[in-house]
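# Structural description and commentary
Below are the chains, spelled out letter by letter.
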Amino acid sequence: MSKGYIIARVSVSDPEAYAEYAALARVAMDRFGATILARGGRYTALEGEARPRNVILEFASYDTALEYWNSPEYQAARSHRIGAAEIELCAVEGVD
């Protein structure tokens, strides 16, 4: 079974609210076995517009990544992020 990934590109406008989101999202990450492959750190825009915060989460499967996003725990965390950041978020299936 292929792994699943959630990739986020983020511009934070309210660091305090975003910190609350991040702490609550960690609860959901732990529940669904997420591994953080990238979070913040250096980045270079190679093509197109970049965002200053980039996150890659790895899950056991694509379905698990979607379960994480749809979970009550993540949705509770997400409510703290709304209005605190501009975000592009996608789920991606890995290759075998």
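What counts, and where the lines are drawn
- Residues numbered from 1 in each chain as written.
- Predicted model: local features only at pLDDT ≥ 70, side-chain atom pairs only at ≥ 80, totals over all residues.
- Heavy atoms only, no water.
- Phe/Tyr/Trp six-rings, centres within 6.5 Å; stacked < 30°, edge-to-face > 60°.
- Helix = DSSP H or I, 4+ residues; strand = E, 2+ residues; numbered from the N terminus.
- Buried < 20%, exposed > 50% of the residue type's maximum accessible area, 1.4 Å probe, protein only.
- Lys NZ or Arg CZ within 6 Å of the ring centre and 35° of its normal.
- Salt bridge = Lys/Arg side-chain N within 4 Å of Asp/Glu carboxyl O.
- Contact = heavy atoms within 4.5 Å.

Once that is clear, we can look at the packing of aromatic side chains. Inspection of every chain in the model, using the stated rule, returns six aromatic pairs. With a centroid separation of 6.4 Å and 80° between ring planes, the pair formed by F32 and Y68 is classed as edge-to-face. Of the two residues, F32 sits in the loop between α1 (15–31) and β2 (35–39) while Y68 sits in helix α2 (residues 62–70), which places them 36 residues apart along the sequence. One exposure class covers both F32 and Y68, and it is buried. Classification of Y68 by relative accessible area gives buried; the value is 2%. Every member of this aromatic cluster is reached through a ring pair, and the members are Y18, Y21, F32, F59, Y68, W69 and Y74. One cation-aromatic arrangement involves R81 over Y21; the distance from NZ or CZ to the ring centre is 5.4 Å.

This part takes up the pattern of salt bridges. All chains considered together, the criterion is met by five salt bridges. Between K3 and E58 there is a salt bridge, and its shortest N-O distance comes to 3.6 Å. Of this pair, K3 sits in the segment before β1 (4–12) while E58 sits in strand β3 (residues 53–59), and the two are 55 residues apart along the sequence. Overall, the relative accessible area of 39% leaves K3 in the partly exposed class. Two residues, R31 and E73, come together in a salt bridge whose shortest N-O distance is 2.7 Å. Residue R31 is found in helix α1, and its partner E73 is found in helix α3 (residues 72–81); the two are separated by 42 residues along the sequence. Taken together, the salt bridges that share partners define one network made up of R9, R51 and E88.

A few words now on the environment of L24. Looking at the element boundaries, L24 is found in helix α1. For L24, a relative accessible area of 29% puts it in the partly exposed group. In the structure, L24 is positioned 54 residues away from R78 in sequence and 8.4 Å away in space, judged by C-alpha atoms. Filtering out sequence-adjacent residues up to four positions away, L24 remains in contact with A77 and H80.

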